[in-house]
Amino acid sequence: MAILPTTLFAQQAVPDAGNHQHSQRQTSTTGPHKGTLKAVGNLQAETLVTTAGLKVYLYDSGGKPVSVQQSRGVASVSVEGNAKRYRYDLFPSEDNALKADVDLSRVVGRQLTVDVQLVGAAPDTLAYQDVMVLSPAQSELDAVAIARQKVCVVSGKPLGSMGNPVAVEVAGQRLFVCCAGCVDALKANPEKFIQARPKVEVVKFTESDAALITKQAVCPVMDEPLGGMGQPIKLLVGGKPLFLCCKGCIKKVQSEPEKYLAMVYKTASPASVVATNTEQVRPGVFKVSDADKRFIAAQKKCPVMDEPLDAMGGPYKVNADGKAIYICCPGCAKKIAAEPQKYLAVLKSQGVDAPELR
């Protein structure tokens, strides 16, 4: 797996510092830009590493910014568990930093060792090393979660159609609604809007876990060998053990537990079949049961009316060429019966796989 792209910047030799190189390693503190700050020679260097790349800010001993417009540098990055090192040129940016634009999104949660050498900012070459774990910003996590959730869990409207989506913490989950008006409804009755998902728990190891780790072999999030980043992390997902390479992968599993559970146990998403033997409200239109809840939560809106499934007394269930489609009212059943593949395609375009009816 190519962890860091190396083609964004030409590689160059690290400047030869000779006998005039200031190198210092010590405990870091937090700098003005939320990066790690440490003393290097007579200056202070703040190293900021994000999923978008690396930046280095310099300050004098009193904390005043030092201009880097005439400076250059090289950053050498290694990822824990990977012997290869990646080197990037650092050039001045508009915000008075030396930066390298490089996609580091693949190494979120991994420990990085960053060796930096700078010239032109001081009489001597500055050199130092930082060790850190790259964590995504909450805004980045939210952007991914919003793209995955797509619609408001209360109104069924597309997230973003009513302004910036609003995050709500309920039942151990971070969900998004389209506007402030939906927040109270979600908090007052979360069970109505949050259908059952596999519970994700971080638990301690037992004696039997060694064999399970050997059997699973790799982390389903990073596709890296278990044990390559220290002791694996053990989760129970829907009561089933699942192991990760590091703590940074936990949030991924919490956001899509069914996906990673299926990857580890080599199965299709759980409960991908629902029964037809529920009560009919009219020919071909069925009442829903508890087994339908997770599919209703996934579909959210009626493909015929483009309305929330509970907007008109629903949801109800109909048979579309052997697949279950959920509708907001019995009146929508005729259209689906006439063109089942059309409405299955509508759902597919929305990322919804209709369950089989048996």
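Cut-off values and rules
- The residue numbers shown here count from 1 along each chain, following its written sequence.
- In keeping with the model being predicted, local features are shown solely for residues with a pLDDT of at least 70 and side-chain atom pairs are shown and tallied solely at 80 or more, while totals for entire chains, interfaces and linings include all residues.
- Heavy atoms throughout the structure, all of them, feed into the side-chain values; hydrogens and water do not.
- The classification of residues rests on relative accessible area computed with a 1.4 Å probe and restricted to protein chains. Under 20% of the type maximum is buried, over 50% is exposed, and intermediate values are partly exposed.
- Think of it this way: any DSSP run of H or I at least four residues long counts as a helix, any run of E at least two long counts as a strand, and we number them from the N terminus.
- An arc is given here, and it is the one of the directions from the helix axis to the C-beta atoms.
- We call two residues contacting when some pair of their heavy atoms lies within 4.5 Å.
- Think of it this way: a Phe, Tyr or Trp ring, Trp meaning its six-membered ring, pairs with another when their centres are within 6.5 Å, and the plane angle makes it stacked under 30 degrees, edge-to-face over 60, tilted otherwise.
- Our definition puts a charge over a ring when NZ of Lys or CZ of Arg is within 6 Å of the ring centre and also within 35 degrees of the ring normal.
- Only strands joined by at least two bridges in the DSSP assignment are considered to pair.
- For helices, the fitted axis covers only the stretch in contact; all axes are lines through C-alpha atoms, and the angles between them, taken along N-to-C directions, range from 0 to 180 degrees.
- Working definition of a nonpolar core: buried Ala, Val, Leu, Ile, Met, Phe, Trp, Tyr and Cys residues. They are joined through side-chain atoms within 4.5 Å.
- One number per residue, pLDDT, summarises how confident the predictor is, and it ranges from 0 to 100.

So, about helix H9 (residues 340–349). What H9 keeps buried is the set Pro340, Tyr343, Leu344 and Leu347. Axial view of H9: buried residues confined to an arc of 105°, hence all on one face. Residues of H9 that are exposed and angled more than 90 degrees away from the buried face: Lys348 and Ser349. Among the structural elements, helix H7 (293–299), strand S19 (316–320), strand S20 (323–327) and helix H8 (333–338) are those in contact with the buried residues of H9. Following H9 by one or two positions, Gly351 has its phi on the positive side, about 80°.

Quick look at the packing of aromatic side chains now. This structure, assessed with the given rule, holds one aromatic pair. Ring centres of Phe205 and Phe243 lie 6.1 Å apart, and the angle between their planes is 20°; on these two criteria the pair is classed as stacked. Remark: Phe243 occurs in strand S15 (residues 240–244) and Phe205 occurs in the loop between strand S13 (200–203) and helix H4 (209–216); sequence separation between them is 38 residues. We classify Phe243 as buried; its relative accessible area is 1%. Directly above the ring of Phe295 sits Arg294, whose terminal nitrogen or CZ lies 5.0 Å from the centroid.

Glancing now at the sheet that holds strand S14 (residues 233–237). Here we have three strands laid out as an open sheet, ordered S13-S14-S15, and antiparallel in their pairing. Of all the strands in the sheet, just S13 and S15 have a single pairing partner and so form its edges. The mean angle between the axes of side-by-side strands here comes to 35°, regardless of whether they run parallel or antiparallel. Sheet analysis places S14 next to S15, joined by five bridges and oriented antiparallel. The residue of S15 that forms the bridge with Ile233 is Leu244. Across the sheet, H4 is in contact with S14 and S15; its angle to S15 comes to roughly 65°.

Let us look at the environment of Pro315. Here Pro315 lies in the loop between H7 and S19. Put simply, Pro315 and Lys300 are 15 residues apart on the chain and 9.4 Å apart in space, counted from C-alpha to C-alpha. Excluding residues within four positions of it along the chain, Pro315 makes contact with Val288, Ile296, Leu309, Asp310 and Ile327.

Our next topic: the pairing of strand S12 (residues 173–177). Within S12, four of the five residues are buried, which leaves the element mostly enclosed by the surrounding structure. With five bridges connecting them, strand S11 (residues 166–170) and S12 associate as antiparallel partners. Along S12, the bridge assignment pairs Val170 with Gln173. The antiparallel hairpin formed by S11 and S12 contains two residues in its connecting segment, where Ala171 sits at a positive phi of about 50°.

Looking at soluble globular proteins, one finds that nonpolar side chains tend to be buried together. Residues Leu54, Val56, Leu58, Leu90, Val114 and Leu118 are the most contacted members of the largest nonpolar core, which totals 30 residues. Put simply, the parts of the chain that give this core at least two residues each are strand S4 (43–50), strand S5 (53–59), strand S6 (72–79), strand S7 (85–92), strand S8 (98–101), strand S9 (111–119) and strand S10 (125–133). Excluding residues that lie within four positions of it along the chain, Val114 makes contacts with Leu54, Ala75, Ser76, Val77, Tyr128, Gln129, Asp130 and Met132. Ranked by size, the runner-up nonpolar core spans 25 residues in total, among them Val304, Ile325, Tyr343 and Ala354.

This part takes up the confidence of the model for the chain. Summing up the model confidence of the chain, the mean pLDDT is 82 and the portion of residues at 70 or higher is 88%. Across residues 1–27, confidence stays below pLDDT 50; counting only partners more than four residues off in sequence or on other chains, it has 71 contacts.

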